[in-house]
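What the coordinates show
Residue-level listing of the chains:
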Amino acid sequence: MAPLFSDAGRRRLDDIVRPGMLCVFDFDGTLAPIVTQPDEVRLPPNVLQRLIELSGRTQIAILTGRSVVDIAPRLEFKVDYLVGNHGLEGVPGWQARSDAYAAMCRNWKDTLTMALTDPQYGPGIFLEDKHYSLSVHYRQARDQVEAEARLKTLLAGLQPPARIVAGKCVFSLMPQDGADKGSALEELMRISGASGAIYVGDDVTDEDVFRLNRDDLLSVRVEHASDSNAEFFVHGHQEIEQLLDELIERLRKHQGNASSRSE
Ligand SMILES: [Mg+2]
């Protein structure tokens, strides 16, 4: 994993950035900084302004863990593809699959709603129904360590078995052989006919993209992590503006100075 803003990273940017390329971004922790209240997450004005500029120059996709209804109002710029629920929702042509995921989630939700009435789980555990996936939050549990252990056992017994991704005081439940961010991104690349793509993300499910390891995909993690499969990293959310500037600058060069943008 090398810094994106290095000779190697800039050479890779030079190779990938072309008009018609696909720029794909995770949202929380990537385009928008993490805040204590996830509901209050907003795009910083300096990031939004660059995304508006970028969207006028090439194709943009958002690939987020949030549901589409949750993310849509937070994006005040044009996106070509909006994929939610870690790839389970919003990929064009995959609606039938998504419907099957939704049915599976309803079953898990019914089972868990019943099971969590057992006093051993205590108060402070709640289910977030994202329609195509389910999140089990335990941040407000009296004893988080104990809640985590008990929930692990409970979730491992679900039928059909769920893919369980542990986050910060939350377990995300997804279909085991369902779409993930990696397969969703590959489908978007196919549909869009993009010559290449960049993907930027910061978290566990972004690794499904990072491990694709394709020559036509440049992967960037927000913050270095020694165990990540991403090709490059930026030091933190504060470098996103620079990353967007590097994309815009290269596209502008390719597209010539005859564009409508006023200097
Ligand atoms: Mg994220």
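What counts and how
Residues numbered from 1 in each chain as written. Predicted model: local features only at pLDDT ≥ 70, side-chain atom pairs only at ≥ 80, totals over all residues. Core = buried A, V, L, I, M, F, W, Y, C linked by C-beta atoms within 7 Å. Buried ≥ 20, exposed ≤ 12 C-beta atoms within 10 Å, placed from the backbone. Domains from an automatic or database assignment. Contact = placed C-beta atoms within 7 Å. Helix = DSSP H or I, 4+ residues; strand = E, 2+ residues; numbered from the N terminus. Arc of directions from axis to C-beta. Pairing = 2+ DSSP bridges. Nonpolar A, V, L, I, M, F, W, Y, C, P; charged D, E, K, R; others polar.

1. Section: the nonpolar core
Side chains of a nonpolar character, in soluble globular proteins, are inclined to be buried together. Among the nonpolar cores identified, the biggest contains 66 residues, and Val24 and Val220 are the most heavily contacted of them. Counting residues domain by domain, this core receives three or more from each of domain 1 (2-91 + 179-255) and domain 2 (95-175). Beyond its immediate sequence surroundings of up to four residues, Val220 is in contact with Leu4, Ile198, Tyr199, Val200, Ala230, Phe232, Phe233 and Val234.

2. Re helix H1 (residues 7-16)
Each α-helix turn comprises 3.6 residues. Residues three or four places apart therefore point the same way. Listing the buried residues of H1 in full gives Gly9, Arg12, Leu13 and Ile16. With its buried residues spanning 105° around the axis, H1 presents them on a single face. Turned more than 90 degrees off the buried face of H1, the exposed positions are Asp7, Arg11, Asp14 and Asp15.

3. Quick look at the pairing of strand E10 (residues 217-222)
The buried count for E10 comes to six of six residues, which makes it a mostly enclosed element. Residues Leu217, Ser219 and Arg221 of E10 are buried on one face, and the alternating residues Leu218, Val220 and Val222, pointing to the opposite face, are buried as well. Two elements, strand E9 (residues 197-201) and E10, share five bridges in a ladder whose sense is parallel. Across the sheet, the residue bridging to Tyr199 is Ser219, located in E10. Summarising the sheet, E10 and strand E11 (residues 232-234) pair through three bridges and their orientation is parallel. Across the sheet, residue Val222 finds its bridge partner in E11, namely Val234.

4. Description of unusual backbone geometry
With an omega of -10°, the peptide bond running from Gln159 to Pro160 counts as cis. Even without being glycine, Asn85 reaches a positive phi, approximately 50°. Mapped onto the fold, Asn85 is located in the loop between strand E4 (81-83) and helix H4 (95-115). Even without glycine at this site, Asn213 takes up a positive phi of about 55°. Examined against the element boundaries, Asn213 turns out to sit in the loop between helix H7 (207-210) and E10.

5. Description of the domain arrangement of the protein
Each assigned domain of the protein is listed with its residue range as follows: domain 1 (2-91 + 179-255) and domain 2 (95-175). Each of domain 1 and domain 2 has a C-alpha centre, and these two points are 28 Å apart. Every contact between the two is made by nine residues of domain 1 and, on the other side, 11 residues of domain 2. The class makeup of the residues in the side of domain 1 that touches domain 2 is three nonpolar, five polar and one charged.

6. Examining the pairing of E9
Burial of E9 is extensive: five of the five residues sit out of reach of the surface. Summarising the sheet, strand E2 (residues 22-25) and E9 pair through four bridges and their orientation is parallel. Residue pairing across strands places Cys23 opposite Ile198, the latter belonging to E9.

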